[in-house]
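The chain contents come next:
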Amino acid sequence: MIRHVEVVIPLFNSERFIGDTLTSIKKAKLKANIEVSILVVDDGSSDLSVPSVRDWANQENFAVEIVNQPNKGRFEARLTGAKHSKSTWLLFLDSRVRLAEDSLANLANFEISNWLAINGLTLTVEAGGLEASFWEVPTKFFWGESVSDPSPQPYSSGRFDKMPKGTTLLLIRRDTFLELCASVDPLEKTRLISDDTRLLRGLAESGHFIFLPSFQASYVPHLGLGKFFAHLHNRGIVFWDSFRESKGKMKAVSILALVFPCLALAALMAFLFVFDGVWHFFATGVFILLFAWFLAVAAKRGASSRAILSFAVLVFPAIPVYWLGILRGILLRGDFNFRRNPRND
């Protein structure tokens, strides 16, 4: 049974959201028989995020420790928090995420002895424009079966890519997290590291990592098209790192994501200059059926009508933005070196 947990929050320019995040922790603590401390790692915020944390701590009479560092990204912020903490158990929580009131109580009642880490279920808050609901469709399509099952579900190497996972809402032993971070290479390129998929893949293969749907939180998405596309681009950058060392189907998916624009361009050229007449209608019909099938599966697995509309409207401008992020991640990592090796003779 967990008796104490330290909540580690990486913070960057979140003055609008951090107060609600901290309040949700306090409310969840009141319903759980568990000691909770809070450690905020400010990753070089340029707004009033840190003063907002201090104001909340004074108003609520709740101690919050703040550690400051230059802007290095979320991976480094979480690593700094883990190194600074003395707690056996760390709860990583993003600054835009609010704990459900019964989340810590459900966590405290769960038998933890066989597990090194527990991933929670993060639901997106429906607010703002259509862009706020975009990710619900791919989430439901790829992970809908796991999300709809309320029972605890252990991760394994075979099921890892079919289940939701991430450091947005993650309880993990401090020593385990530090070992995982140390295994990531190269550490000098931490902005390119997928702190969700790649960091946790090895943990899933150990057999001591579980998904607990009753351990829940809600995420406030990036609002506004500009922020949405910037976030999409950043997710593309770390996509390649998520799957560059995977095998089988997901390796094929990652490579397909890389070559997709070339295939799409070839298909478009064929559609415009090779096929004509009935073939135009046939190709268009096949595309529409496949797209409708994708949306229908997502809807069957729980995607809302708002999310379906959001995805249908935004997916086509989103694809090139995401792909450019993938390409940038590959180039920055230097995985593909197009320069010829120097001759030795």
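**Observations regarding the nonpolar core**
A general feature of soluble globular proteins is that nonpolar side chains tend to end up buried together.
Turning to step 1, where the next piece is worked out: Ranked by internal contacts, the top residues of the largest apolar core, which has 38 residues, are I25, L91, L99, L104, I118, L171 and F215.
Turning to step 2, where the next piece is worked out: When residues in this core are grouped by element, the largest group, five residues, is from strand 9 (residues 209-219).
Turning to step 3, where the next piece is worked out: Not counting residues within four places of it along the chain, the set of residues in contact with L99 comprises S24, I25, A28, L91, L93, L104, L169, F215, Q216 and A217.
Turning to step 4, where the next piece is worked out: In terms of nonpolar packing, the next biggest core, distinct from the first, is built from 28 residues, L79, Y155, I172 and F209 among them.

**Overview of the confidence of the model for the protein**
Turning to step 1, where the next piece is worked out: Looking at the protein as a whole, the pLDDT averages 83, with 80% of positions reaching at least 70.
Turning to step 2, where the next piece is worked out: For the stretch residues 337-345, pLDDT sits under 50, and the model shows zero contacts to residues farther than four places along the chain or on other chains.

**Some points on the packing of helix 1 (residues 18-30) against helix 2 (residues 49-60)**
Turning to step 1, where the next piece is worked out: Between helix 1 and helix 2, whose axes approach to 9 Å, the crossing angle comes to 35 degrees. The two elements helix 1 and helix 2 meet at a crossing, and its hand is right-handed. Touching I18, G19, L22, T23 and K26 of helix 1 are S49, S52, V53, W56 and E60, all from helix 2.

**Focus on helix 7 (residues 197-206)**
Side chains three or four residues apart in an α-helix point the same way, a direct result of the helix having 3.6 residues per turn.
Turning to step 1, where the next piece is worked out: Among the ten residues that make up helix 7, seven are buried, leaving the element largely enclosed by the rest of the structure.
Turning to step 2, where the next piece is worked out: After helix 7 finishes, the residue G207 shows a positive phi value of roughly 85 degrees.

Here is what the cut-offs are and how they apply
- Residues numbered from 1 in each chain as written.
- Predicted model: local features only at pLDDT ≥ 70, side-chain atom pairs only at ≥ 80, totals over all residues.
- Heavy atoms only, no water.
- Core = buried A, V, L, I, M, F, W, Y, C linked by side-chain atoms within 4.5 Å.
- Buried < 20%, exposed > 50% of the residue type's maximum accessible area, 1.4 Å probe, protein only.
- Helix = DSSP H or I, 4+ residues; strand = E, 2+ residues; numbered from the N terminus.
- Contact = heavy atoms within 4.5 Å.
- pLDDT = per-residue confidence, 0-100.
- Axes fitted to C-alpha atoms, helices over the stretch in contact; angles between N-to-C directions.
- Left-handed = near helix turned anticlockwise from the far one by under 90°.

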